[in-house]
Amino acid sequence: MTGSVGSADLGQAAVAPTPEDGVIESATATLAPVKYPNRLNDIAVVGRTGAWRRTFMLRPKYGGRYLFLLYPSKGMSPENVLTEPVHFPNFNSAPKVLEFRIPQEQRVHREWDWRLVKTTFADTEDTDHEIRDLAQQPGDGMLAGWPAASLAMAAANDGALSHLIFEARAAAKGTIRFSEELDTEVSRTIAWSCHQPYEARNGNPAVKNDVGEILNWLQSRAEAFDPHRIWALGDTIYSDGTGSLNFVKQVYDKAGWHNNWDLRKDLLSLFRLCYRHHWSFPAMQALMRNYPHIAMWDDHEIRDGYGSDTVDFKTENTAMKDIASQAAEEYLFSWNTRVRSEAGRNINIDNHYAYVDAPIASFVFDGRNNRRYGDDVPLPPDIPLFASILIGVTGILATGGAPSAIAAAASSTAATVAIEKELLELYRWHNPGEVISDQQLDDFRRYCTHIRGLSGVRYLLLGNSVPFIYVNDVIEALASELEITATDTGHNVRDDIRDSWHSPGNRRQLLRLIDILRELHTARPDIEIINLSGDIHISNAFAAQPEGFSKPIFQVTSSALTNRPSMSGSVADLLSVDGKLGFLDTGGDFGEVQRLWHEGTFRNFLSIEARESQIALHLHVYNTRDTEPLGKRDRTLIIRPQGGFEVREG
């Protein structure tokens, strides 16, 4: 419902005060500040822009002038220390990106350390907040505050690198390894999605009890794996978080807010703080500071389901999306090389990535920037599916009842449902939406043409924030038009279904994408095609063989890292392609589909190790609250070029 920004929108639940509260409150003047339940830390993320090139996205907690130093972990000398000054005007100004290319003569060093050292305090009001914050922190024997910054500045002016490297306090530091450049016979990747560490507890925001454990587990497993890159495949933050953390509700669908410059500035400030808090957890920072990342956005970096509803494209809501785009440019995209460099200057250009790390060729799609599902289809409120299946599903979610009731109802109305499905799909075929821009699809076609000539490529690894395959296609067709939106559950079900590549409004573009893959397969039948995705808060894997393919292509989903399942495991299993409602499946776009696994209960992430002889996709499952030992529920999909595939458990 359209409204206006007023005092009722600005209320916040009470959260215990901390020394940093004052500066966070000063980051907004008109919108309500957001008090996150975890401590804000210095943020840094490593990116890779080419061979022996690394970027560093930096946003220390407080403003000021800093000196960045990069030097070999072993064999450091004054001649091989790379430095660059960097300035942050105030507490919540934009992050900065530094890029370094290791000189040819220094490439004998595989491992390099880096440090960010403060040399001057910001000349703004947040300096007082920083000093008070420092006074509250436990001592570690090192100088802090003005004395530390003054000594660091003097050392920088005198060229006293030993003080800056060994004695000065670092706001952030890390170690990077040039594994991808030197381990040329293997490619190692980690993928995760859906990082929602917060919940509502007694009306107040809180960090979920197991988040620290999960992120420590991720860090331990990742460091043992030593990835070349880590993919964050969407929902890296939640702007529409639980309770008082849902700051976008202060402006979404509120008439006229976008004409107020102060409100626009405050919204950008809240988006920036959202990234900084979500990424402030120590274990997450340990990985972000030490391994190259690729980050992609999905709906929650804007708002839940953005692009799936016609109301999203009202002027006041596209203004919200534009501001979310600026924050995403700063925190997600600016520190990696996109296919379209102009995306950094034009928010209408998609932010897709492509690279080759033989034997893998990778293309990471931006499925949110130009997403538009299309106008809603007017439907009567008594569609049989609502009574027989979808309302039954929501009832099960609410009461914990047996899913067998849904299957029975679906069976009794299958003929009617099939007719409705065909009518809806016919309408959507002639009134299609889009997941990506035509320009991005053309770029993907050109990329596939390019890799045909790369004999060392054995695998095409696609990254999508949403999957190709998940929900039974009959349920998908009708639920995508769900009009019981008087309930939040009904609206959320529709948004989630519409996000899928295979949803009827997106299917026409999906078939164009499959055509491109078919052309690649015809030219290079030796290349294995795998799509990685997130979003759905469960993990599953499918093998599918569309028409014209001589072997399967694969869909593997890993979700969520810290978020919780959106429905019970049994209901998700029921609704899945090749699940218990399989008798409703009509096949078609993907041909014969085989489900390889379904994990609907526990948080998870993927590691992918590719060699010329095989690629292994290992689903790591965090099943500590289970009768099985940790790791017992892990699965591994092993694919061998021209040699079939197998699934291993544990």
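Residues numbered from 1 in each chain as written. Predicted model: local features only at pLDDT ≥ 70, side-chain atom pairs only at ≥ 80, totals over all residues. Heavy atoms only, no water.

Peer 1: Mind showing me how you'd approach the pairing of strand 11 (residues 229-233) here?
Peer 2: When a strand is regular, its side chains alternate between the sheet's two faces. Most of strand 11 is tucked away: five of the five residues are buried. The two faces of strand 11 match: Arg229, Trp231 and Leu233 on one face and Ile230 and Ala232 on the other face are all buried. Alignment of strand 8 (residues 187-192) against strand 11, held across four bridges, turns out to be parallel. Note that in strand 11 the partner of Thr189 across the bridge is Arg229. (Buried < 20%, exposed > 50% of the residue type's maximum accessible area, 1.4 Å probe, protein only. Helix = DSSP H or I, 4+ residues; strand = E, 2+ residues; numbered from the N terminus. Pairing = 2+ DSSP bridges.)

Peer 1: Mind showing me how you'd approach the sheet that holds strand 15 (residues 459-464) here?
Peer 2: Neighbouring strands of a sheet are bound in pairs by backbone hydrogen bonds; such pairs are parallel or else antiparallel. Ordered by their spatial adjacency, seven strands build an open sheet running 13-14-15-16-18-17-19, and the pairing between neighbours is mixed. Whereas interior strands pair on both sides, the edge strands pair on one side only; in this sheet they are strand 13 (353-357) and strand 19 (592-599). The sheet shows a mean angle of 15° between the axes of neighbouring strands, taken without regard to direction. Where strand 16 (residues 528-533) and strand 18 (residues 553-557) come together, four bridges link them in parallel fashion. Bridging from a neighbouring strand, Ser533 pairs with Thr557 of strand 18. (Axes fitted to C-alpha atoms, helices over the stretch in contact; angles between N-to-C directions.)

Peer 1: Would you mind showing me how to read the confidence of the model for the protein chain here?
Peer 2: On average, the protein chain scores 85 in pLDDT, and the residues at 70 or more come to 79%. Residue range residues 1-15 is modelled with pLDDT below 50. Its contacts to residues more than four positions away, or to other chains, number 33 contacts. Contacts for the low-pLDDT stretch residues 381-401, under 50 throughout, to residues beyond four places or in other chains number 44 contacts. (pLDDT = per-residue confidence, 0-100. Contact = heavy atoms within 4.5 Å.)

Peer 1: Looking at this structure, I do not really get the nonpolar core. What am I missing?
Peer 2: Nonpolar side chains in soluble globular proteins tend to end up buried together. Counting 85 residues, the largest nonpolar core has Trp279 and Leu532 as its most contacted members. Take this core: its biggest share by element is nine residues, from helix 9 (residues 315-333). Those residues in contact with Leu532 that sit more than four places away from it in its chain are Ala191, Trp231, Leu233, Leu461, Leu462, Gly463, Asn464, Val556, Leu606, Ile608 and Leu617. Counting residues in each nonpolar core, the second largest holds 30 residues, with Val457, Leu460, Ala544 and Ile553 among its members. (Core = buried A, V, L, I, M, F, W, Y, C linked by side-chain atoms within 4.5 Å.)

Peer 1: How should I be thinking about unusual backbone geometry in this particular structure?
Peer 2: Excluding glycine, residues mostly have negative phi values, and the peptide bonds linking residues are mostly trans. Going from Ala358 to Pro359, the amide bond is cis rather than trans, its omega being 10°. Along the polypeptide, Pro359 turns up in the loop between strand 13 and strand 14 (360-364). At Gln642, a residue that is not glycine, the phi angle is positive and equals roughly 60°. The topology assignment puts Gln642 in the loop between strand 22 (635-640) and strand 23 (644-649). When its relative accessible area of 55% is taken as the criterion, Gln642 is described as exposed.

Peer 1: Sorry, what's going on with the environment of Tyr306 here?
Peer 2: You can see Tyr306 is positioned in the loop between strand 12 (293-296) and helix 9. The exposure class assigned to Tyr306 is buried, which follows from its relative accessible area of 3%. Excluding residues within four positions of it along the chain, Tyr306 makes contact with Asp299, Asp312, Phe313, Asn317, Thr318, Met320, Lys321, Arg368 and Arg371.

Peer 1: What is the right way to look at helix 6 (residues 211-225) in this model?
Peer 2: Since one α-helical turn is 3.6 residues long, residues separated by three or four positions face the same way. Taking 1.5 Å of rise per residue, the 15 residues of helix 6 would be expected to cover 21 Å, and the 21 Å separating its terminal C-alpha atoms lies within 8% of that figure. Turning to helix 6, its buried residues number three or more, namely Val211, Ile214, Leu215, Trp217, Leu218, Gln219, Ala222 and Phe225. Of the surrounding secondary structure, the elements contacted by the buried residues of helix 6 are strand 8, strand 10 (204-207), helix 8 (282-288), strand 20 (603-610) and strand 21 (615-622). Following helix 6 by one or two positions, Asp226 has its phi on the positive side, about 55°. (Expected span 1.5 Å × (residues − 1).)

Peer 1: Explain the packing of helix 13 (residues 438-452) against helix 16 (residues 504-523) to me, please; I cannot follow it from the model alone.
Peer 2: Helix-helix packing: each pair is described by the crossing angle between the helix axes and the interaxial distance. Where helix 13 meets helix 16, the closest approach of the two axes is 9 Å, and the angle between their N-to-C directions is 10°. In terms of axis orientation, helix 13 runs roughly parallel to helix 16. Contact residues: helix 13 offers Asp438, Leu441, Phe444, Arg445, Cys448, Ile451 and Arg452, while helix 16 offers Gln509, Arg512, Leu513, Ile516, Leu517, Glu519, Leu520 and Ala523. Classifying every residue of the contact of helix 13 with helix 16 gives nine nonpolar, one polar and five charged. (Parallel < 35°, antiparallel > 145°, perpendicular 65-115°, else oblique. Nonpolar A, V, L, I, M, F, W, Y, C, P; charged D, E, K, R; others polar.)

Peer 1: Is there a simple way to think about the side chain of Arg338 in this case?
Peer 2: Residue position: Arg338 is located in the loop between helix 9 and strand 13. Residue classification places Arg338 among the buried residues on the basis of a relative accessible area of 10%. At a separation of 2.8 Å, a polar atom in the side chain of Arg338 contacts the side chain of Asn351. Not counting residues up to four positions away in its chain, the partners in contact with Arg338 are Glu329, Phe333, Ala343, Gly344, Asn351, His352 and Tyr353. (Polar contact = N/O pair within 3.5 Å; in protein donor to acceptor, adjacent residues only side chain to side chain.)

Peer 1: Would you explain the sheet that holds strand 1 (residues 43-50) in this entry?
Peer 2: Read across the sheet, three strands follow the order 1-2-5 without closing on themselves; strand pairing throughout is antiparallel. If you trace the sheet from one side to the other, it starts and ends with strand 1 and strand 5 (96-101), each paired once. Across the sheet, the mean angle from the axis of one strand to that of its neighbour is 25°, orientation sign disregarded. Sheet analysis places strand 2 (residues 53-59) next to strand 5, joined by six bridges and oriented antiparallel. Its bridge partner being in strand 5, Thr55 is matched across the sheet by Glu99.

Peer 1: Where do I start with the packing of helix 7 (residues 261-278) against helix 9 in this structure?
Peer 2: Relative orientation of the contacting elements helix 7 and helix 9 amounts to 40°, with a least axis distance of 9 Å. The orientation of helix 7 with respect to helix 9, classified from their angle, is oblique. For the element pair helix 7 and helix 9, the recorded crossing hand is right-handed. For the pair formed by helix 7 and helix 9, the contact residues are Arg264, Leu267, Leu268, Phe271, Arg272, Tyr275 and Arg276 on the first element and Ala319, Met320, Ile323, Ala324, Gln326, Ala327, Ala328, Glu330, Tyr331 and Leu332 on the second. In terms of residue class, the contact of helix 7 with helix 9 is built from twelve nonpolar, one polar and four charged. (Left-handed = near helix turned anticlockwise from the far one by under 90°.)

Peer 1: I'm lost on the pattern of salt bridges in this one. Help?
Peer 2: Think of it this way: side chains of opposite charge can pair up when their charged atoms draw near. Enumeration according to the criterion identifies 36 salt bridges in this entry. In this structure, Arg603 engages Asp210 in a salt bridge whose closest nitrogen and oxygen atoms are separated by 2.3 Å. Here Asp210 lies in the loop between strand 10 and helix 6 and Arg603 lies in strand 20, a separation of 393 residues in the sequence. Here Arg603 and Asp210 have matching classes, each one buried. (Salt bridge = Lys/Arg side-chain N within 4 Å of Asp/Glu carboxyl O.)

Peer 1: Would you mind going over the packing of aromatic side chains with me for this structure?
Peer 2: To describe a pair of aromatic rings, one takes the distance between the centres and the angle between the planes. With the rule as written, the count across this model stands at 26 aromatic pairs. Residues Trp217 and Phe605 carry aromatic rings whose centres are separated by 5.1 Å and whose planes lie at 70° to one another, so their mutual orientation is edge-to-face. Placement of the pair is Trp217 in helix 6 and Phe605 in strand 20, with a sequence separation of 388 residues. A relative accessible area of 1% means that Phe605 is categorised as buried. With a centroid separation of 5.9 Å and 85° between ring planes, the pair formed by Phe468 and Trp501 is classed as edge-to-face. Residue Phe468 is located in the loop between strand 15 and helix 14 (473-479), and its partner Trp501 is located in the loop between helix 15 (488-499) and helix 16; the two are separated by 33 residues in the primary sequence. Judged by relative accessible area, which is 0%, Trp501 ranks as buried. (Phe/Tyr/Trp six-rings, centres within 6.5 Å; stacked < 30°, edge-to-face > 60°.)

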